[in-house]
Amino acid sequence: GAGVSQSPSNKVTEKGKDVELRCDPISGHTALYWYRQSLGQGLEFLIYFQGNSAPDKSGLPSDRFSAERTGGSVSTLTIQRTQQEDSAVYLCASSRLPKDEQFFGPGTRLTVL
Amino acid sequence: AQSVSQHNHHVILSEAASLELGCNYSYGGTVNLFWYVQYPGQHLQLLLKYFSGDPLVKGIKGFEAEFIKSKFSFNLRKPSVQWSDTAEYFCAVNAARGSTLGRLYFGRGTQLTVWP
């Protein structure tokens, strides 16, 4: 079956602009995660959605970051007023249940000029 | 909070050499353990996982890992590497239960380069 998909694959934006990153998880997976991969910080957890429960936002680095998951499927990560330190690869993952292995998407490479 | 340490940043081997990549974690509770691999230009893929049971787990492509609870370690091994194993390897853990269930904590990664 189809894996996790993300769009766009690359995004170049100017400092101060808002960006939206999209994730389509594997069908039937109840858990969805966002991570960020950057040279200085490695792979960091950002936010986690599980079913209809309130998301775990504890990894979001600032209030400029937010995410939604609509209808228990597609998720959008929004970064407002982007800064150069936001440049990274943003990875989405999904799992059937929270305790199961996570399947990762190809990522969105964000470059903030 | 949980943390994961990978001891080697960059490992360079010749084909047919044996491989061991170290991984230690810090967490007081029950954990699930994973090794992920990222081949050049590709996305993260699961290499192997440990949830419970036999602490020696076998994954794809001849890789295995051993969970040693007393040492909080989950080292990755392969008896004979191939050029195609060139990739970045990430150790990861998550809590088996509790408020942080699901979220993965990753090590910084080990870049493995295998010379033909």
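Residues numbered from 1 in each chain as written. Chains lettered and ligands numbered in written order. Predicted model: local features only at pLDDT ≥ 70, side-chain atom pairs only at ≥ 80, totals over all residues. Heavy atoms only, no water.

> Could you give an account of the packing of aromatic side chains, with specific residues and numbers?
The final tally for this structure, using the stated rule, is 15 aromatic pairs over all chains. A ring pair is formed by Tyr-33 of chain A and Tyr-48 of chain A, whose centres lie 4.9 Å apart and whose planes are at 5 degrees; its orientation type is stacked. Taken together, the positions of Tyr-33 of chain A in strand β4 (residues 31-38) and Tyr-48 of chain A in strand β5 (residues 42-50) put the pair 15 residues apart, joining distant regions of the chain. Overall, the relative accessible area of 9% leaves Tyr-48 of chain A in the buried class. Residues Phe-34 of chain B and Phe-51 of chain B carry aromatic rings whose centres are separated by 5.7 Å and whose planes lie at 80 degrees to one another, so their mutual orientation is edge-to-face. One end of the pair, Phe-34 of chain B, is in strand β5 (residues 31-38); the other, Phe-51 of chain B, is in the loop between β6 (45-50) and β7 (56-58), with 17 residues separating them in the sequence. Taking relative accessible area as the criterion, Phe-34 of chain B reaches 0% and is therefore assigned buried. (Phe/Tyr/Trp six-rings, centres within 6.5 Å; stacked < 30°, edge-to-face > 60°. Helix = DSSP H or I, 4+ residues; strand = E, 2+ residues; numbered from the N terminus. Buried < 20%, exposed > 50% of the residue type's maximum accessible area, 1.4 Å probe, protein only.)

> Would you mind going over the interface of chain A and chain B in detail, with residue names and values included?
On the chain B side, the residues contacting the 20 residues of chain A number 18 residues. With both chains or domains summed, chain A and chain B bury close to 1600 Å², and 54% of this area falls on carbon and sulfur atoms. For the chain A face of the interface with chain B, the top three residues by lost area are Leu-43, Glu-101 and Phe-104 of chain A, together amounting to 35%. On inspection of chain A and its partner chain B, the count reaches 2 salt bridges. (Contact = heavy atoms within 4.5 Å. Buried area = accessible area lost by both parts, 1.4 Å probe. Salt bridge = Lys/Arg side-chain N within 4 Å of Asp/Glu carboxyl O.)

Structural measurements only, silent on function.
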